[in-house]
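# Fold and contact review
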Amino acid sequence: MRRRTDNGSANAIIGTAGDGAVMPCAGHGTTEAGGAHLLLIIVSGWGQAHPLASPRYPLAHALNHPSGRPLPGEYADYAQADIEQVQGVDAVSVFEALADQTLTLLQALPEARLEGIRYAPSKWTLKDVIGHVVDDERIFAYRALCLARGEAQSLPGFDEKLYATNAEAEMRPWREILCDYRAVRAASVALFRGFSPAQWTRSGEVNGYRATARGLAFHIAGHELHHVRLLQDRYFPLLA
Ligand code: NI
């Protein structure tokens, strides 16, 4: 929650395409999943070495040009400390490993007791936090796309507090929030794995600072780690 300041429909399925393994994404009822269904089908289990690979979609890593770590000047100064906490030298590998790690933690939480959990009256609820992490990744991935494609205009910032309030995360089932996390991460991996060395390092202006796609990618990872640490320190004890 620093200064800078969405969803698979009901019954979408996450599983390994073609092998019948499923994990239902709980939703509001009985509507068809629509477009989100197809995306989530493609996303096979995050616990595997290559989460997007499947017999039907053998993506492997053929398209992945390792990003390398971003240098100062490729991300916002305020993100420096969080980015230093990110292990690894390739953003796509970081995203895959981090999804495994974060989902392991979040899926183990007692869903029935999560409603409205916050450690102080003025703080976000646990659902607000994860909703914020997902929104943030979606926005930063969009920014990375723009920079990789050569956007010359300055990209706008966003008011994270306003967004979190209007996200109304408490109204959403926990499982649906986790499905949103998975879907956005899968989209990020699919986007970033296609970047060439030139696209990783093409710079542009975001919210008043210079950035590159790999800088924004590591920012996404550092931001998630930051919030997961806060969850572990401040929220998880409330659920013990
Ligand atoms: Ni934040």
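Reference entry: report on the structure contained in this document. Here the structure is a predicted model, which means the values were calculated and not measured. (Residues numbered from 1 in each chain as written. Predicted model: local features only at pLDDT ≥ 70, side-chain atom pairs only at ≥ 80, totals over all residues.)

So, about the nonpolar core. Formed by 49 residues in total, the largest nonpolar core has its most connected members in F95, A144, A213, L216, A217 and A221. Of all the secondary structure elements, the ones that give two or more residues to this core are helix 3 (91–107), helix 4 (126–148), helix 6 (174–192) and helix 8 (213–239). The dominant element in this core, judged by the number of residues it contributes, is helix 4, at 11 residues. Excluding its chain neighbours within four sequence positions, the residues that come into contact with L216 are Y75, F140, R143, A144 and A211. (Core = buried A, V, L, I, M, F, W, Y, C linked by C-beta atoms within 7 Å. Buried ≥ 20, exposed ≤ 12 C-beta atoms within 10 Å, placed from the backbone. Helix = DSSP H or I, 4+ residues; strand = E, 2+ residues; numbered from the N terminus. Contact = placed C-beta atoms within 7 Å.)

Pairing of strand 3 (residues 203–206) with strand 4 (residues 209–212) involves 4 bridges; the strand directions are antiparallel. Among the inter-strand pairings, V206 is bridged to a residue of strand 4, identified as Y209. In textbook terms, the turn of a hairpin is the stretch between consecutive antiparallel strands, and for strand 3 and strand 4 this stretch comprises 2 residues, one of which, N207, has a positive phi near 50°. (Pairing = 2+ DSSP bridges.)

This part takes up the environment of L105. Assignment of secondary structure puts L105 in helix 3. Considering only alpha carbons, one finds L105 and Q232, 127 residues apart in sequence, at a separation of 9.2 Å.

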